[in-house]
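# Structural overview
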2 protein chains.
Amino acid sequence: MENDALLRLDNQLCFVLYACSRGLTKTYRPLLAKLDITYPQYLVMLILWEKDGVSIKALGEKLYLDSGTLTPLLKRLETAGLVERRRSSTDERVVQIYLAQKGVDLKKKAYAVPETLLCRSGLTVDQFIGLKTELTALLERIRAFDAATSSCLPEQE
Amino acid sequence: MENDALLRLDNQLCFVLYACSRGLTKTYRPLLAKLDITYPQYLVMLILWEKDGVSIKALGEKLYLDSGTLTPLLKRLETAGLVERRRSSTDERVVQIYLAQKGVDLKKKAYAVPETLLCRSGLTVDQFIGLKTELTALLERIRAFDAATSSCLPEQE
DNA sequence: ACAACATGTATTGTGCGCAATTTAATTTTG
DNA sequence: CAAAATTAAATTGCGCACAATACATGTTGT
């Protein structure tokens, strides 16, 4: 047969990424439970704490998520009283997301989250930055391929 | 205020991991569509191609997934004719998963998948191994913390 | 032997992700 | 300016993840 090594689970970089991502989300979960939000909701809040009134499209471009994911997520954040959804007055198609007072206030409690995570990762700041840099580069290469829908190896039909 | 930099999205290692994991899964999707399976289903098949007759519990330990995820996933693989689910004769609690003939045959078509992925990652084999090693170490530290349910920083109530 | 406990799987319910389609508003074009 | 094309959200449907619970089978201690 051909080379089975590439098919072996413990050789798969993608599986480690997948497991790492879920593992980190699991670490976040009890911390974010104190804020009554999930990890994807936390990511949205991070963006809004930087800049208010962002459109759903802009949120999607930052998080690589589409309206099918964001629309219900934002409705839950609105129900929770953290944000408000308002149609833009200049373009009725776009929905802009604004922090409600409760959402503004939540930022104070959020400071402890990334501090705890950095600590639990067991990484030095340099390792942390190095790993992030490598993964960002990988992400960009992957996304470039995905966007192009081009193939790398001939896709044996 | 405190240090806002840690709260900024582009400083978050976890987000890059989350985005990378989803990006790679997206790259897998069209390749696996040719095999009519999803990425988590592919992971199960990888294990079965190495060793047949694995229990659901053993699958869960390798993939860090529980029966709530695996039971319906395996039923879909069974419906697709790729595997069979049989209760162990020595312990009626245990369900063992066996490759059906169609599942055995699928392995041939699967060889192209990791080759394409390695290529598209744009990584040399050394970079690939280095990154995997770092992430594996991170995963183990994270999982150790998750398992202990211990805290790193005092969890401000 | 049998009650208490442990174990492996299944079920229920919630929240993502994402493809595909729909709807409404805006822009572009002939 | 009206028809066609584009764009932003929403909707629908399916498959994970995962907490919590239920249930059946095994094991242990007395």
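I will try to describe carefully the structure that is included in this document. (Residues numbered from 1 in each chain as written. Chains lettered and ligands numbered in written order. Predicted model: local features only at pLDDT ≥ 70, side-chain atom pairs only at ≥ 80, totals over all residues. Heavy atoms only, no water.)

Before going further, it helps to spend a moment on the protein's contact with DNA strand D. In the neighbourhood of DNA strand D, 28 residues make up the surrounding shell, with A:Y18, A:R22, B:T38, B:Q41 and B:E92 lying closest. Here the atoms of DNA strand D within 4 Å of the protein split so that 79% fall in sugar or phosphate, with bases taking the remainder. Between DNA strand D and A:K75, the relevant distance is 2.7 Å, taken from a phosphate oxygen to a side-chain nitrogen or oxygen of the residue. The contact in question runs from a base nitrogen of DNA strand D to an N or O atom on the backbone of B:G68, over 3.4 Å. The set of elements that each furnish at least two residues to the surface near DNA strand D consists of α1 (13-33), α3 (56-63), α4 (67-79) and β2 (83-87) of chain A together with α2 (39-50) and α4 (67-79) of chain B. Of the residues contributing to the surface near DNA strand D, the split by class is eight nonpolar, eight polar and twelve charged. (Near = heavy atom within 4 Å. Polar contact = N/O pair within 3.5 Å; in protein donor to acceptor, adjacent residues only side chain to side chain. Helix = DSSP H or I, 4+ residues; strand = E, 2+ residues; numbered from the N terminus. Nonpolar A, V, L, I, M, F, W, Y, C, P; charged D, E, K, R; others polar.)

Residues and elements named next belong to chain A. Taken in spatial order, the three strands line up as β1-β3-β2 in an open sheet, and their pairing is antiparallel. Single-partner strands in this sheet number two, and they are β1 (54-55) and β2. Where β1 meets strand β3 (residues 95-99), two bridges bridge the pair, whose relative direction is antiparallel. When the bridges of β3 are listed, S55 appears paired with Q96. Relative to the sheet, helix α2 (residues 39-50) contacts β1, β2 and β3, its axis offset from that of β3 by approximately 80 degrees. (Pairing = 2+ DSSP bridges. Contact = heavy atoms within 4.5 Å. Axes fitted to C-alpha atoms, helices over the stretch in contact; angles between N-to-C directions.)

For the rest of this paragraph, the subject is the interface of chain A and chain B. The extent of an interface is frequently quoted as the accessible surface area lost upon association of the parts. Each partner contributes residues to the interface: chain A has 70 residues there, and chain B has 70 residues. Approximately 7,400 Å² of surface area, both sides summed, lies buried where chain A meets chain B, with 67% of it carried by carbon and sulfur atoms. Among the residues chain A hides against chain B, the three largest losses belong to A:L7, A:Y111 and A:R120. Together they make up 10% of the total. For the pair chain A and chain B, the number of links is four salt bridges. Linking chain A with chain B are 18 residue pairs in polar contact (both at pLDDT 80 or more). Elements represented by at least two residues in the side of chain A that touches chain B include exactly α1, α2, α3, α5 (101-110), α6 (112-121) and α7 (125-148) of chain A. Partitioned by chemical class, the residues of the side of chain A that touches chain B number 38 nonpolar, 13 polar and 19 charged. (Buried area = accessible area lost by both parts, 1.4 Å probe. Salt bridge = Lys/Arg side-chain N within 4 Å of Asp/Glu carboxyl O.)

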